[in-house]
Amino acid sequence: SALAYIGLGSNLASPRDQLARAMASLAALPVSERVAASSLYASAPVGPQDQPDFINAVVAVRTRLSPLALLDQLQAIEQRHRRVRHRHWGPRTLDLDLLWFAGLNCRFPRLTLPHPEMIHRRFVLEPLAEIAPTLSLGGELPGCLANRLEDQPLQRLSA
Ligand SMILES: CC1(C)Nc2nc(N)[nH]c(=O)c2N=C1O
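Along each chain, the written sequence defines residue order, and numbers are assigned to residues from 1. Only residues with pLDDT of at least 70 are given local features in this predicted model, and only at 80 or more are side-chain atom pairs given and counted; all residues enter the totals for whole chains, interfaces and linings. As a convention, hydrogens and water are excluded, and side-chain values are obtained from all of the structure's heavy atoms.

Draft legend 1. Structural view of the side chain of arginine 122. Starting at the N terminus, helices and strands are each numbered in turn, a helix being any DSSP run of H or I of at least four residues and a strand any DSSP run of E of at least two. With respect to the helices and strands, arginine 122 occurs in helix α3 (residues 122-131). Given a relative accessible area of 10%, arginine 122 falls into the buried group. Each polar contact in these results corresponds to two N or O atoms within 3.5 Å; when the atoms are within protein, one needs to be able to donate a hydrogen and the other to accept it, and residues that are neighboring in sequence are counted only if both atoms are side-chain atoms. Engagement of the side chain of arginine 122 in a polar contact is seen with the backbone oxygen of alanine 146, the distance being 3.0 Å. Not counting residues within four places of it along the chain, the set of residues in contact with arginine 122 comprises Pro127, Ala146, Asn147, Leu149, Asp151, Gln152, Pro153 and Leu154. Partly exposed describes any residue whose relative accessible area lies between the buried limit of under 20% and the exposed limit of over 50%, with all areas from a 1.4 Å probe on protein chains only and scaled to the type maximum. Whether two residues touch is decided by their heavy atoms; if any such pair falls within 4.5 Å, the residues are in contact.

Draft legend 2. Molecular detail of the pattern of salt bridges. Salt bridges are counted wherever a side-chain nitrogen of Lys or Arg sits within 4 Å of a carboxyl oxygen of Asp or Glu. The full count for this structure, using the stated rule, is six salt bridges. The salt bridge involving arginine 148 is made with glutamate 140; its shortest N-O contact spans 3.0 Å. On the basis of relative accessible area, glutamate 140 is assigned to the partly exposed category, the value being 25%.

Draft legend 3. Region of the structure containing the side chain of histidine 81. Inspection of the secondary structure assignment puts histidine 81 in the loop between α2 (67-80) and β5 (95-101). By relative accessible area, which is 6% here, histidine 81 ends up buried. Setting aside its immediate chain neighbours within four residues, histidine 81 contacts Gln18, Arg21, Ala22, Thr93 and Leu94.

Draft legend 4. Looking closely at the site of the ligand. One heavy atom within 4 Å of a molecule or strand is enough for the residue carrying it to be called near that molecule or strand. The immediate surroundings of the ligand are formed by Ser43, Ala44, Pro45, Val46, Phe54, Asn56, Trp89, Arg92, Asp95, Arg121 and Phe123. At 2.8 Å from a nitrogen atom of the ligand is found a main-chain nitrogen or oxygen belonging to valine 46. Between the ligand and the protein, one listed contact pairs an oxygen atom with a side-chain N or O atom of arginine 92 at 3.3 Å. A 1.4 Å probe and the Shrake-Rupley method give the accessible areas. Residues count as covered only by the protein chains that appear here. Relative to its free-state accessible area of 360 Å², the ligand is covered by the protein chains to the extent of 96%.

Structure representation (C-alpha cells):
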C-alpha cells in the first residue's frame, strides 16, 4: 500500500463541520486507512479576497487505491458535500486535493503529482508540517518551505 497526503479546505456552510464530515469520509475510504490528521487552521483566502476565510487541514492515508482511483473517491466525497462550482477560485463547501502520493512525480490529464501549488501555499504546508515534518518536497521540508512564504500567518484552531 502507498502513503498519500490529502489537503482539505472549506469556506462555506459551516466549514468546521464540512471538514469534520470529510475527515470521517476519508477514514472510510475503500482499501485504505487514515493514519494521521492535522489540526484545523483558519486562514484568509489566497486569491480573490471577496469570500469568507477558509478552514484547512491535511490528512495522511495509507491506501491500495491507485492515484486516479483515489482522486475519483475524493471527487465523490466533494459531490456529497454538494460542492457547486460558481466561479473559479470562488467559495466552496469542500475542496479535497491529492497533494502527494508515494513520492510519485507524474502528470496525468486529470492529476499532477505532487500538487503543483502546494509548495506555494502556507495553508497546505503548515498542516502538512504538523503531520509530516520530515517529508522531502524536492529536498525541502514542509516547515522550511512554509517559513519562506510571506503569506498571511494561519491561526491554528484548538482540536
Ligand atoms: C481560492 C483558493 C486558491 N484560496 C484558498 N485560500 C485559503 N486560505 N485556503 C484554501 O483552501 C484556498 N483554496 C483555494 O482554491
